[in-house]
Amino acid sequence: MNIHVWLCLIMYLCMLVFPAREIPLYEKQPPYVATEEEMAFEEAYFQAIVQSGGPGTADFDAQSPHFQALFVVFILDMEVQCGGIAQYFYNNGSLYACRTEDALRQVGLAEMADLYAGFVENEQITMEEIDGYRQQFPTLETIGQLSALHPFDGFDEAYMQLRDSLQLERTVLSYIDAHPEMFR
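Numbers given for residues are sequential positions, taken from 1 along each chain in its written order. Under the rules for a predicted model, residues below a pLDDT of 70 receive no local features and side-chain atom pairs below 80 are neither given nor counted, while totals for whole chains, interfaces and linings still include all residues. Each side-chain value is worked out from all heavy atoms of the structure, with water and hydrogens disregarded.

Participant: Could you clarify how one ought to interpret the packing of aromatic side chains in this entry?
Facilitator: Geometrically, a pair of aromatic rings is defined through the distance of the ring centres and the angle of the planes. To pair, rings of Phe, Tyr and Trp, with the six-membered ring standing in for Trp, must have centres within 6.5 Å; the planes then decide the type, stacked if under 30 degrees apart, edge-to-face if over 60, and tilted in the middle. In the structure shown here, the tally under the stated rule is 15 aromatic pairs. Ring centres of Tyr45 and Phe74 lie 5.5 Å apart, and the angle between their planes is 85°; on these two criteria the pair is classed as edge-to-face. Of this pair, Tyr45 sits in helix α2 (residues 36–51) while Phe74 sits in helix α4 (residues 65–82), and the two are 29 residues apart along the sequence. For every residue, the accessible area obtained with a 1.4 Å probe (protein chains only) is divided by the maximum for its type, and the residue is called buried under 20%, exposed over 50%, and partly exposed between those limits. Residue Tyr45 is classed as buried on the basis of its relative accessible area of 13%. Measuring from centroid to centroid gives 6.4 Å for Phe89 and Phe152, while their planes differ by 70°, and the two rings are edge-to-face. One end of the pair, Phe89, is in helix α5 (residues 85–107); the other, Phe152, is in helix α9 (residues 152–165), and 63 residues separate them in sequence. Just as Phe89 is buried, Phe152 falls in that class too. Secondary structure is summarised from DSSP: a helix means a run of H or I of at least four residues, a strand means a run of E of at least two, and numbering begins at the N terminus for each.

Encoded structure:
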């Protein structure tokens, strides 16, 4: 017997042993379309980023207290959604962390401020500790060790649940409507 006959015989036996299964068809999902509220929130976020360099810059210090609170809330929300509270601390240090509780309260997110303050207090996280993260974990290889210091994932999960229940976008947009002078 030549090799082709053997291959056909092997394939036939394989089909008997491993019959073909019907593969379900992939149902194409409609593309996600952002709501007007989500688009307005994103637009305000980017406008705030363009308008100020953040805490510690002359631009930021020249802004109204309302804008400063909004900016900190925007950065907190973006960081927690993209990498968590540990990333927020690592990337922004105590310049943001020390303003976070008050900013959340000022914007109208008191329950989220309580979550943040309780986490920092229960875990005994100090501003000095936060500022030390970059020195303690200076490389991509070591930054993963940061997550072992505190139960950051627990905070992140609670934050995201509160974010939904408090309707963060709506609350922030209401705050902006109440203080239109924030954006020049």
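Now that the structure has been shown, the text picks up again.
Participant: How should I be thinking about a nonpolar patch on the surface in this particular structure?
Facilitator: To count toward a patch, a residue needs a relative accessible area above 30% and no salt bridge. Like charges then connect within 9 Å, nonpolar side chains (Val, Leu, Ile, Met, Phe, Trp, Tyr) within 5 Å. To be clear on the numbers: accessible area is Shrake-Rupley with a 1.4 Å probe, and residue cover counts the displayed protein chains and nothing else. Salt bridges are defined by distance alone: a side-chain nitrogen of Lys or Arg within 4 Å of a carboxyl oxygen of Asp or Glu. Residues Ile3, Trp6, Leu7, Leu9 and Ile10 make up a contiguous nonpolar surface patch of roughly 490 Å² in combined accessible area. Looking at the secondary structure, you find Trp6 in helix α1 (residues 3–17). Residue class for Trp6 comes out partly exposed when judged on its relative accessible area of 44%.

Participant: What exactly am I supposed to notice about the pattern of salt bridges here?
Facilitator: Opposite charge on two side chains lets them pair, provided their charged atoms get close. Under the defined criterion, the tally for this structure stands at five salt bridges. A salt bridge links Arg170 to Glu37; the nearest nitrogen and oxygen atoms lie 2.9 Å apart. With Arg170 in helix α10 (residues 168–178) and Glu37 in helix α2, this residue pair connects regions lying 133 residues apart in the sequence. Across the pair Asp114 and Arg105 runs a salt bridge, and its minimum N-O distance is 2.6 Å. Note on Asp114: relative accessible area 44%, which makes it partly exposed. We classify Arg105 as partly exposed; its relative accessible area is 34%. Three or more residues are tied together by salt bridges with common partners; here these are Asp77, Arg163 and Glu169.

Participant: What am I meant to see in the side chain of Ser94 here?
Facilitator: Examined against the element boundaries, Ser94 turns out to sit in helix α5. For Ser94, a relative accessible area of 14% puts it in the buried group. Among the polar contacts made by the side chain of Ser94, one reaches the side chain of Asp131 at a distance of 2.7 Å. With sequence-adjacent residues up to four places away left out, Ser94 is seen in contact with Met127, Ile130 and Asp131. The term polar contact refers here to a pair of N or O atoms within 3.5 Å; inside protein, the definition further demands a hydrogen-donor-capable atom paired with an acceptor-capable atom, and it admits residues adjacent in sequence only when both atoms are side-chain atoms. We call two residues contacting when some pair of their heavy atoms lies within 4.5 Å.

Participant: Mind showing me how you'd approach the packing of α5 against helix α6 (residues 110–122) here?
Facilitator: When two helices pack together, their arrangement is given by the angle between the helix axes and by the axis-to-axis distance. Fitting a line to C-alpha atoms yields each axis, with helices limited to the stretch in contact; the angle taken between N-to-C directions then spans 0 to 180 degrees. For the pair α5 and α6, interaxial distance at closest approach is 10 Å and the crossing angle is 125°. The orientation of α5 relative to α6 falls into the category oblique. As α5 packs across α6, the resulting crossing turns out to be left-handed. Counted together, Ile85, Phe89, Ala97, Thr100, Glu101, Leu104 and Arg105 of α5 and Ala110, Met112, Ala113, Asp114, Tyr116, Ala117, Phe119 and Val120 of α6 form the full contact between these two elements. Each residue is assigned to one of three groups, with Ala, Val, Leu, Ile, Met, Phe, Trp, Tyr, Cys and Pro labelled nonpolar, Asp, Glu, Lys and Arg labelled charged, and all others, Gly among them, labelled polar. Class assignment for the residues of the contact of α5 with α6 results in 11 nonpolar, one polar and three charged. Orientation categories follow fixed angle ranges, with anything under 35 degrees roughly parallel, anything over 145 roughly antiparallel, 65 to 115 roughly perpendicular, and all other angles oblique. Helix crossings are classified by the rotation of the near helix relative to the far one: an anticlockwise turn of less than a right angle makes the crossing left-handed, while a clockwise turn makes it right-handed.

So yeah, pure geometry; function would need other evidence.
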